[in-house]
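Listed below are the residues making up each chain.
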Amino acid sequence: MVVPRPPQRMEKLKEDLNIFILDDSNIHQSTATGFVQSGALPTELQCRNTPVRISFTPPPLRPLDDAGPLILNRMVSDGYGPTQQDTDEPMQMDHHPYRYPIATVGGNPLAEHRGNCCGPGVTTLGIDNNNIESLISDDEYFPHNDIPDDPHFSDLVYSAEIAIDAGIYPERIYQGSSGSYFVKNPANKVVAVFKPKDEEPYGRLNPKWTKWMHKLCCPCCFGRACLIPNQGYLSEAGASLVDQKLNLNIVPKTRVVRLVSETFNYPRIDRQKARIKKTIKERIPAARFNRMSLPPKTGSFQLFVDGFKDADYWLRRFEQEPLPTRLSQKFQLQFERLVVLDYIIRNTDRGNDNWLIKYEQPTIVSQVNGGTTPNGMPRSSSRLEMTENTDWNLVQLPEIKIAAIDNGLAFPFKHPDSWRAYPYHWAWLPQAKIPFSQDIKDLILPLLSDLNFVEELCNELFELFRQDKGFDRGLFERQMSVMRGQILNLTQALKDGKSPVQLVQMPAVIVERSKVNPGSARFFSFQQRFQNKSPFFSWC
């Protein structure tokens, strides 16, 4: 039945009653007594002694008749659905997808009442303070970021959540083409970098305008055809998993977590919902919601590394001031670990600006009064200027370290074969011309030569990648086929004593898995094939 809406009367009711509608599907039914405390509602709602029931319920609406209850509806503007003025037909009061009831008013059980305390013609509500149903729950919408196998990481994430609750919000990183944030702890110290899924370079809420211009002005070259869109956060966590599995220790530990912060980029409608919930909470303190704050964002949470600088900065310094032989060997081993990681995950975005180097000048230990502590350590040390008479036995060479960050554009489901080749930029460095050392062979070869280890790595990546809502098993198998081919080439290059630059010149291989017996789920065979198609531009 179509019921025409009296605009002036309804607006007057909404203004006087001060009742708000939460246009959110998270409101669900749960029973609790003692919903209304004395003074919790406006005086207009306490001016009658007849018991009534106030229900916050989702659609559909119940149809109205001449003697039925009066249902008040308040449409929230700015994105909450069309109003009467937006439609050509009269508003349907029953089963309309955009209409939500905010209150049912009545006596025994429901009836329309015109109160005298609020003036003639104004509908008022009587509240029974002893028996009112609360249909809003206070259960958390998302679970705590608990990582059972890494309590230290869980504590670090928890400290970041406490800092956000205390008003220490993550700060957006203005470099790069995606929405990423420095996350702080309660001591206001940066502890991690958070990259939300929906703010990735081609995500729907990316706050940077560069990719929007890219898509608008150059749609033919938009995106990377070899990568699955909007899964960069999984690639970040997957690179950390491979790093830990191979004991490379060059990727800062990275996990997938969920965080909420006002500084994240949210659509307007989500912020409006949060404000409406806050308004309801202020007027009805006993109200409980599934989620009071903005919706949580899923993304990669990578630990922050301190004291590192861009590799480009130090590489230029090393050209002018070559490293000592011993330190140069340590740097070469770190560089080879970076090569192993990037080649296995087929990183398509490894330039000299997205891997870091930590290097400090040599330190001279000065012993005060020739004394040492009981454990043999010098009583004091300081950084002094080295001269020709320096005793080199007192010089402590620094530990040079590499950190591989920005791994979000890895794990392609095919080798690049469209416009660009996406080469490894470290292949042009002089360190790439040196054959792989025996140390990296002893570290990597026993693992990569074991087929069971490779399949175990694929299974762990499967458990990680499957948590994405857009997970596709077929595309994942293609990703693993590329990774197996990379592992096959790397294993052969290590055995043959090749260098990193010779490794990247090997033909692209794909190793696909297929069942030996279609009816068996345990036994598989692997088929190797080469990719013959090359990208249009092979140098970029």
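Residues numbered from 1 in each chain as written. Predicted model: local features only at pLDDT ≥ 70, side-chain atom pairs only at ≥ 80, totals over all residues. Heavy atoms only, no water.

## Quick notes on the confidence of the model for the chain
Right, on to step 1. Here the chain averages 74 in pLDDT, while 63% of its residues score no lower than 70.
Right, on to step 2. Averaged pLDDT values over the elements of the chain bottom out at 33 in strand 2 (residues 103-105) and peak at 97 in helix 4 (residues 232-245).
Right, on to step 3. The model gives residues 1-142 a pLDDT under 50, and that stretch makes 246 contacts with residues more than four places away or in other chains.
Right, on to step 4. Taken as a whole, residues 368-388 scores under 50 in pLDDT and shows 28 contacts with residues more than four places along the chain or in a different chain. (pLDDT = per-residue confidence, 0-100. Helix = DSSP H or I, 4+ residues; strand = E, 2+ residues; numbered from the N terminus. Contact = heavy atoms within 4.5 Å.)

## Things to note about the nonpolar core
Right, on to step 1. Ranked by internal contacts, the top residues of the largest apolar core, which has 61 residues, are Trp-355, Ile-357 and Leu-461.
Right, on to step 2. Looking at this core, the elements that each hand over two or more residues are helix 4, helix 6 (311-320), helix 7 (325-345), strand 9 (355-358), strand 12 (401-404), helix 8 (438-448), helix 9 (451-465) and helix 10 (473-496).
Right, on to step 3. Per element, the largest residue contribution to this core is ten residues, and it comes from helix 7.
Right, on to step 4. Residues within four places of Trp-355 in sequence aside, it is in contact with Lys-309, Asp-310, Ala-311, Leu-315, Phe-331, Phe-335, Leu-338, Arg-350, Ile-402, Ala-403, Ala-404 and Leu-429.
Right, on to step 5. Residues Ile-147, Phe-264, Leu-294 and Phe-301 belong to the second largest nonpolar core, which totals 19 residues. (Core = buried A, V, L, I, M, F, W, Y, C linked by side-chain atoms within 4.5 Å. Buried < 20%, exposed > 50% of the residue type's maximum accessible area, 1.4 Å probe, protein only.)

## A word on helix 8
Right, on to step 1. Of the residues making up helix 8, those classed as buried are Ile-440, Lys-441, Ile-444, Leu-445 and Leu-448. Considered in projection along helix 8, the buried side chains sweep an arc of 105 degrees and stay on one side of the axis. (Arc of directions from axis to C-beta.)

## Brief notes about the sheet that holds strand 9
In any sheet, the strands associate via hydrogen bonds between backbone groups, in a parallel or an antiparallel arrangement.
Right, on to step 1. With antiparallel pairing, three strands are arranged side by side in an open sheet as 8-9-12. Strands at the two margins of the open sheet, each flanked by one partner only, are strand 8 (309-310) and strand 12.
Right, on to step 2. As defined by bridge partners, strand 8 adjoins strand 9 across two bridges and the pair is classed as antiparallel. Paired with Lys-309 across the strands is Ile-357, a residue of strand 9.
Right, on to step 3. In the packing of helix 7 onto the sheet, the strands contacted are strand 9 and strand 12, and the crossing angle to strand 12 comes to about 15 degrees. (Pairing = 2+ DSSP bridges. Axes fitted to C-alpha atoms, helices over the stretch in contact; angles between N-to-C directions.)

## Some details on the environment of Leu-443
Right, on to step 1. Within the secondary structure, Leu-443 sits in helix 8.
Right, on to step 2. Overall, the relative accessible area of 23% leaves Leu-443 in the partly exposed class.
Right, on to step 3. Separated by 106 residues in sequence, Leu-443 and Arg-337 place their C-alpha atoms 9.7 Å apart.
Right, on to step 4. Discounting residues that sit within four places of it in the chain, Leu-443 has contacts with Leu-246, Asn-247, Leu-248 and Arg-337.

## Some words on the packing of aromatic side chains
Right, on to step 1. In this structure the tally under the stated criterion is 19 aromatic pairs.
Right, on to step 2. Between the aromatic rings of Phe-318 and Phe-331, the centroid separation amounts to 5.7 Å while the plane-to-plane angle is 70 degrees, which identifies the pairing as edge-to-face. Highlighted residues: Phe-318 in helix 6 and Phe-331 in helix 7, separated in sequence by 13 residues. Taken individually, Phe-318 and Phe-331 each receive the classification buried, so the pair is uniform in this respect.
Right, on to step 3. Summarising the aromatic geometry, the rings of Phe-471 and Phe-476 are spaced 5.8 Å apart at their centres and angled 50 degrees between planes, so their arrangement reads as tilted.
Right, on to step 4. Note on Phe-476: relative accessible area 3%, which makes it buried.
Right, on to step 5. For Lys-297, the ring lying beneath its charged end belongs to Tyr-266, and the centroid distance is 4.8 Å. (Phe/Tyr/Trp six-rings, centres within 6.5 Å; stacked < 30°, edge-to-face > 60°. Lys NZ or Arg CZ within 6 Å of the ring centre and 35° of its normal.)

## A word on the pairing of strand 9
Right, on to step 1. Pairing geometry for strand 9 and strand 12, over four bridges, is antiparallel. Within the sheet, the bridge partner assigned to Leu-356 lies in strand 12 and is Ala-403.

## Structural notes on the pattern of salt bridges
Right, on to step 1. Within the structure shown, the criterion is met by 22 salt bridges.
Right, on to step 2. As a salt-bridge pair, Lys-197 and Asp-468 come within 3.1 Å of each other at their nearest N and O atoms. Here Lys-197 is found in the loop between strand 5 (190-196) and helix 3 (210-217), whereas its partner Asp-468 is found in the loop between helix 9 and helix 10, with 271 residues between them in sequence.
Right, on to step 3. In this structure, Glu-460 and Lys-245 form a salt bridge, with 2.7 Å as the shortest nitrogen-oxygen distance. Placement of the pair is Glu-460 in helix 9 and Lys-245 in helix 4, with a sequence separation of 215 residues.
Right, on to step 4. With a relative accessible area of 19%, Lys-245 lands in the buried category.
Right, on to step 5. Beyond isolated ion pairs, a larger network of salt bridges with shared partners links Glu-455, Arg-473, Glu-477, Arg-484 and Arg-513. (Salt bridge = Lys/Arg side-chain N within 4 Å of Asp/Glu carboxyl O.)

## Quick word on unusual backbone geometry
Right, on to step 1. We note that Asn-188 has phi near 65 degrees; this positive angle belongs to a residue other than glycine.
Right, on to step 2. The topology assignment puts Asn-188 in the loop between strand 4 (180-184) and strand 5.
Right, on to step 3. For Asn-188, a relative accessible area of 47% corresponds to the partly exposed category.
Right, on to step 4. One non-glycine residue, Asn-249, adopts positive backbone phi at about 60 degrees.
Right, on to step 5. As for its position among the elements, Asn-249 is in the loop between helix 4 and strand 6 (254-259).
Right, on to step 6. Given a relative accessible area of 46%, Asn-249 falls into the partly exposed group.

## Observations concerning the side chain of Ser-261
Right, on to step 1. Structurally, the position occupied by Ser-261 is in the loop between strand 6 and helix 5 (268-283).
Right, on to step 2. The exposure class of Ser-261 is buried, given its relative accessible area of 2%.
Right, on to step 3. Separated by 2.8 Å, the side chains of Ser-261 and Thr-263 make a polar contact.
Right, on to step 4. When sequence neighbours within four positions are dropped, the list of residues in contact with Ser-261 reads Ile-164, Tyr-169, Pro-170, Tyr-266 and Leu-294. (Polar contact = N/O pair within 3.5 Å; in protein donor to acceptor, adjacent residues only side chain to side chain.)

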